[in-house]
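Fold and geometry: a report
Residue-level listing of the chains:
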Amino acid sequence: MGKRSAIIIGGGISGLTAGYNLSRRGYNVTLLERRPVLGGLARSITINNKPIEVYYHFICGGDQALLQLIDELGLAERLHWAPARTGYFVDGQLYPLTSPWDLLRFSPLSLAQRISFGRLILYCRRSTRWQNLEHLTAHQWLLERLAPQAYDVVWKSLLDLKFGEYGEQISAPWVWHRLHRVTRSRASVFQPEQMGYLEGGTAVLLQALVTQIREADGEILLSTEANELLMSGGKAIGVRAGDKELTGDMVIAATQIPELIKLLPEEAASYRAALAAIKFIGIICVMLKMTESLTDYFWVNSNDTRVPCNGFIEYSNLNPWKQYAGSAIAYFPFYSDTNAPLFSASNEEIAEPLINSLSLIRPELTTNAIKQVIVTRDACGQAVCPPGFSQQVPEITTPVPNLYLLDSTQLYPSDRCLSGMIGLANELTELLS
Ligand SMILES: Cc1cc2nc3c(=O)[nH]c(=O)nc-3n(C[C@H](O)[C@H](O)[C@H](O)COP(=O)(O)OP(=O)(O)OC[C@H]3O[C@@H](n4cnc5c(N)ncnc54)[C@H](O)[C@@H]3O)c2cc1C
């Protein structure tokens, strides 16, 4: 019997991990990526001759599948851990919010509110039964546990930071999981959170996967967009990409759902309709390269109407990128409906008010310190997960025979993450064995 073959659509972490796994199991792999670069949401650009992700990426202690892959690819020496400090910018003042002691001193909330907030964190660290919360929005659930002011000051801005105008529709399990994942990154709640990063960024991991796929004679086609799923006898047999027809024993859609919808044939109309019910929002991220740090924190949530975003990530306070590239790097994410005016605003319209507001956070920082402004956007930044979302999540095995799907919604209630996508690609490999 000849080698089995797989056509993989998408050169993000899930497509590349699936390609790597299947190459190792003797499959002929052909991977198509519509962009000229690999990496999808984890793609990088080059600044000062160093690759850096267009969107920040950090690693948590519980990211098992990612940590295992790093090890397997011989990259363990490039993995570093560092304490990640969290701050809160409320009404013109920056507060530390890294440890339980910081929480006890967090004066925007009353003592009773701080205690109830601490109880919520402990509950999420210990509990595993998120299914009991599936019928609630995070908004309803948090208001049952916290005073309205504590919700407004702390949670509203975080939900708005991640989901834009959909913040109040998000399910309670999403918030539960976020707290559960992050608090599990600490040895104890009294220890500062340790976050990991790869020296050279995610690009190093992606490159190692590419090398392995190519060494196994796999083919990676850049700037090649799959335009149509090819079917024969009711089964998926390949894809059309421009004037090319690529066929194989199976097709793996390692794209996000709205991209797969465009490829599905008429005969998959009901599957298409089910997938179309899942709403995605866009991401716009402003990255600033600066000569000075903005704060000492890795992650700052912001609840100040004069600052146009709900938080920022000063990546160089985790990964000392500035030590070898001479710059501080901060990311300012904005999640937005792709039909909202924000998503089609120009780069200047987005970056300028943001830059003008930074002196509120650090008055000594002048615009001269900002050396580069990079604005990146993607239409599928994040799926919106309302209560009951687990019923909408599609499976890896699709109703179209020989078509498989890898999509971040399958991680629910977990937020999308590299480790989760690697885990899904591993699950698919097991399924095919
Ligand atoms: C702002 C932001 C911050 C993040 N921070 C973190 C973090 O700190 N830690 C973490 O673990 N994760 C983080 N993530 C999540 C992580 O980046 C994603 O979960 C992961 O990269 C998704 O990988 P993927 O392969 O599933 O999808 P994608 O990365 O979306 O890859 C899909 C690929 O398919 C390609 N494609 C689509 N349609 C076609 C077609 N028709 N033909 C050919 N190619 C096609 C796309 O161009 C893309 O390259 C973050 C994401 C964002 C947006």
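Residues numbered from 1 in each chain as written. Predicted model: local features only at pLDDT ≥ 70, side-chain atom pairs only at ≥ 80, totals over all residues. Heavy atoms only, no water.

With domains assigned, the protein chain is organised as domain 1 (5-57 + 201-278 + 389-432) and domain 2 (99-191). A separation of 33 Å is found between the C-alpha centroids of domain 1 and domain 2. Each partner contributes to the interface: domain 1 provides eight residues, whereas domain 2 provides 10 residues. Note on domain 1 versus domain 2: buried area summed over both sides is about 750 Å², and carbon and sulfur give 47% of it. Considering only the side of domain 1, the residues that lose the most area to domain 2 are Tyr412, Pro413 and Asp415, jointly responsible for 65% of the buried surface there. Our enumeration of links across domain 1 and domain 2 arrives at two salt bridges. Of the residues in the side of domain 1 that touches domain 2, the class split is four nonpolar, two polar and two charged. (Domains from an automatic or database assignment. Contact = heavy atoms within 4.5 Å. Buried area = accessible area lost by both parts, 1.4 Å probe. Salt bridge = Lys/Arg side-chain N within 4 Å of Asp/Glu carboxyl O. Nonpolar A, V, L, I, M, F, W, Y, C, P; charged D, E, K, R; others polar.)

A word on the sheet that holds strand β19 (residues 403-405). Strand order in the open sheet formed by five strands is β9-β2-β1-β13-β19, and the pairing between neighbours is parallel. Edge strands, defined here as strands with exactly one partner in the open sheet, are β9 (219-221) and β19. For this sheet the average axis-to-axis angle between neighbouring strands, irrespective of direction, equals 15°. When strand β13 (residues 250-253) meets β19, the two strands line up parallel, connected through three bridges. Of the residues in β19, the one forming a bridge with Ile252 is Tyr404. Its contacts with the sheet place helix α1 (residues 13-24) against β1 (5-9), β2 (28-32), β9 and β13, and it is angled at close to 170° to β2. (Pairing = 2+ DSSP bridges. Helix = DSSP H or I, 4+ residues; strand = E, 2+ residues; numbered from the N terminus. Axes fitted to C-alpha atoms, helices over the stretch in contact; angles between N-to-C directions.)

The next point concerns the pairing of strand β3 (residues 44-47). Here four bridges tie β3 to strand β4 (residues 50-53), and the two strands are oriented antiparallel to one another. From the neighbouring strand, Thr46 faces β4, where its bridge partner is Pro51. The antiparallel hairpin formed by β3 and β4 contains two residues in its connecting segment, where Asn48 sits at a positive phi of about 50°.

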